[in-house]
Amino acid sequence: MAYSIGDECVKCGACAQNCPMSCIKEGSSKYEIDASQCIDCGTCAGVCPVGAPHA
Ligand code: SF4
Ligand code: SF4
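What comes next concerns the included structure. (Residues numbered from 1 in each chain as written. Chains lettered and ligands numbered in written order. Predicted model: local features only at pLDDT ≥ 70, side-chain atom pairs only at ≥ 80, totals over all residues. Heavy atoms only, no water.)

### Concerning the overall build of the protein chain
Of regular secondary structure, the protein chain possesses two helices and four strands. Overall, the protein chain shows an N-to-C arrangement of helices and strands of β-α-β-β-α-β. Whereas a compact globule of 55 residues would reach a radius of gyration of roughly 10 Å, the protein chain reaches 9 Å, a difference of no more than 12%. Its C-alpha atoms give the protein chain principal-axis dimensions of about 25 × 20 × 20 Å. Among the 55 residues that make up the protein chain, the fraction classed as buried is 38%. Across the protein chain, the fraction of contacts at a sequence separation of at least 24, relative to all contacts at a separation of at least 6, is 55%. Just so you have it, the protein chain exposes about 3,300 Å², and 48% of that area is on carbon and sulfur atoms. (Helix = DSSP H or I, 4+ residues; strand = E, 2+ residues; numbered from the N terminus. Rg over C-alpha atoms; globule rule 2.2 N^0.38 Å. Buried < 20%, exposed > 50% of the residue type's maximum accessible area, 1.4 Å probe, protein only. Contact = heavy atoms within 4.5 Å. Areas by Shrake-Rupley, 256 points an atom, 1.4 Å probe, with all protein chains shown as cover.)

Spelled out as structure tokens, the structure:
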């Protein structure tokens, strides 16, 4: 079960900078996680200022 990023995302980029798998990329309206590479570590949720990444 991969993490996914909700509409709360304010595109700060912190999650992408800290993801150990480098599987978060900037999308048109929010950042997006490549579920096929996510290892469920939770780092993105820990660094996000608005709680957008959800397990
Ligand atoms: Fe990257 Fe970990 Fe977040 Fe998955 S849970 S997107 S591996 S930081
Ligand atoms: Fe969006 Fe949170 Fe990632 Fe920043 S850390 S880009 S607000 S999901």
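### Looking at the site of ligand 2
Not every one of the 13 residues close to ligand 2 is listed here, only the nearest: Cys9, Cys12, Gly13, Cys15 and Cys48. A per-class count over the shell around ligand 2 returns 11 nonpolar, one polar and one charged. (Near = heavy atom within 4 Å. Nonpolar A, V, L, I, M, F, W, Y, C, P; charged D, E, K, R; others polar.)

### Focus: the site of ligand 1
As a matter of local geometry, ligand 1 sits amid 14 residues, with Cys19, Cys38, Cys41, Gly42 and Cys44 nearest to it. A per-class count over the shell around ligand 1 returns 11 nonpolar, two polar and one charged.

### Considering the side chain of Lys30
Looking at where Lys30 falls in the secondary structure, it is placed in the loop between strand 2 (24–26) and strand 3 (31–33). With no salt bridge to any partner, buried Lys30 finds its closest opposite charge in Asp7, at an N-O distance of 4.6 Å. At 2.6 Å, the side chain of Lys30 forms a polar contact with the backbone oxygen of Ile5. With near-sequence residues (within four places) excluded, Lys30 lies in contact with Ile5, Gly6, Asp7, Cys9 and Lys11. (Lys, Arg positive; Asp, Glu negative; His and termini not counted. Salt bridge = Lys/Arg side-chain N within 4 Å of Asp/Glu carboxyl O. Polar contact = N/O pair within 3.5 Å; in protein donor to acceptor, adjacent residues only side chain to side chain.)

Taken by themselves, the reported measurements are silent on function.
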